[in-house]
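Close look at the chain arrangement
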Amino acid sequence: MLLSDLTHKTCLIGLTYFDTDGRVLKQSQLCGSVVNVDAEMGISIELKTAASAEGTSEQPEKPPVFMLPADLSAWFKAPRGRYSDPESGAHITDPDYLVTWDIHKTRDNAEDGQQQWWQWSPRTVPPQVNG
């Protein structure tokens, strides 16, 4: 698979954030369509929101875009089904890919105005999906 193969494909993204001691801080799930790929800048995903999933008039003019690293080792063919994110209310049916990343905080106690550093690690084992 090439980066360019992802353009216009749909995906369900699972993100797990860890603190510097390896404890889970939070997990989130996003879904959307790939709108741009760039080997240096990454993969741009136009996110679905609850409003866009239901086609309501509350949909923002321009949907949010989420960036993923340009690493294909975290991308796996998705089994058919309807996936929902209870937190955002967004859902996607029969996405093309499942994508999972672990994001590790690499420094504690950043002072105000200082950047926090995060290390992105692709999960290279296909995710388990409940049937």
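Above this text sits the structure in question.
Going along each chain's sequence as written, the residues are numbered from 1 onward. It should be noted that, the model being predicted, local features are given only for residues of pLDDT at least 70 and side-chain atom pairs only at 80 or more, the latter also being counted only at that level, while totals for whole chains, interfaces and linings use all residues. Only hydrogens and water are set aside when side-chain values are computed; all heavy atoms of the structure are taken into account.

This next bit is on the overall build of the chain. In terms of helices and strands, the chain carries 1 helix and 9 strands. A run of DSSP states H or I qualifies as a helix once it reaches four residues; a run of E qualifies as a strand once it reaches two. Both are numbered from the N-terminal end. In the chain, the order of α-helices and β-strands from amino to carboxyl end is β-β-β-α-β-β-β-β-β-β. Accessibility here uses a 1.4 Å probe with only protein chains present; expressed as a share of the type maximum, an area under 20% marks a residue as buried, one over 50% as exposed, and anything in between as partly exposed. In the chain, which comprises 131 residues, the share counted as buried stands at 34%. Considering only contacts within the chain whose residues lie at least 6 apart along the sequence, 51% involve residues at least 24 apart. All accessible-area figures derive from a Shrake-Rupley calculation using a 1.4 Å probe, and residue coverage is judged against the displayed protein chains alone. When the accessible surface of the chain is split by element, carbon and sulfur atoms take 46% of a total near 8,300 Å². What makes two residues a contact is simply this: any of their non-hydrogen atoms within 4.5 Å.

In this scheme Phe, Tyr and Trp rings, the latter by its six-membered ring, pair at centre separations within 6.5 Å, and the angle between planes marks the pair as stacked below 30 degrees, edge-to-face above 60, and tilted otherwise. Summed over the entire model, instances satisfying the criterion amount to 4 aromatic pairs. Between Tyr17 and Trp118, the aromatic rings sit 5.9 Å apart at their centres with planes inclined by 90°, giving edge-to-face as the arrangement. Of this pair, Tyr17 sits in strand β1 (residues 10-18) while Trp118 sits in strand β9 (residues 118-122), and the two are 101 residues apart along the sequence. Trp118 gets classed as partly exposed once you look at its relative accessible area, which sits at 33%. An aromatic cluster is present here, built from Phe66, Trp101 and Trp120 joined pairwise through their rings. When the ring centre of Tyr17 is taken as reference, the NZ or CZ atom of Lys26 above it lies at 5.1 Å. For a ring to carry a charge above it, either NZ of a lysine or CZ of an arginine must fall within 6 Å of the ring centroid while also lying within 35 degrees of the normal to the ring plane.

The next thing to look at is the pattern of salt bridges. Every case where a carboxyl oxygen of Asp or Glu lies within 4 Å of a side-chain nitrogen of Lys or Arg is listed as a salt bridge. If you walk through the whole model with that rule in mind, you get 4 salt bridges. Asp19 serves as the salt-bridge partner of Arg23, at 3.1 Å between the closest nitrogen and oxygen. For Arg23, a relative accessible area of 51% puts it in the exposed group. Where Arg80 meets Asp94, a salt bridge forms, and the shortest distance between an N and an O atom there is 3.2 Å. Taken together, the residues span a long stretch of sequence, with Arg80 in the loop between β5 (75-77) and β6 (82-84) and Asp94 in the loop between β7 (91-93) and β8 (97-105) at a distance of 14 residues.

Moving on: a nonpolar patch on the surface. For patch detection, residues must exceed 30% relative accessible area and be free of salt bridges, and they are connected within 9 Å for like charges or within 5 Å for nonpolar side chains (Val, Leu, Ile, Met, Phe, Trp, Tyr). Taken together, the side chains of Val35, Met41, Val65 and Met67 make up a nonpolar region of the molecular surface, amounting to roughly 360 Å² of accessible area. Note that Met67 resides in strand β4 (residues 65-68). Here Met67 falls in the partly exposed class, since its relative accessible area comes to 35%.

A few words now on the nonpolar core. Leu15, Ile43, Ile45, Leu68, Trp75 and Val99 are the most contacted members of the largest nonpolar core, which totals 20 residues. Contributing elements (two or more residues each) for this core: β1, β2 (24-38), β3 (42-47), β4 and β8. In plain words, nonpolar cores are sets of buried Ala, Val, Leu, Ile, Met, Phe, Trp, Tyr and Cys residues tied together by side-chain atoms within 4.5 Å.

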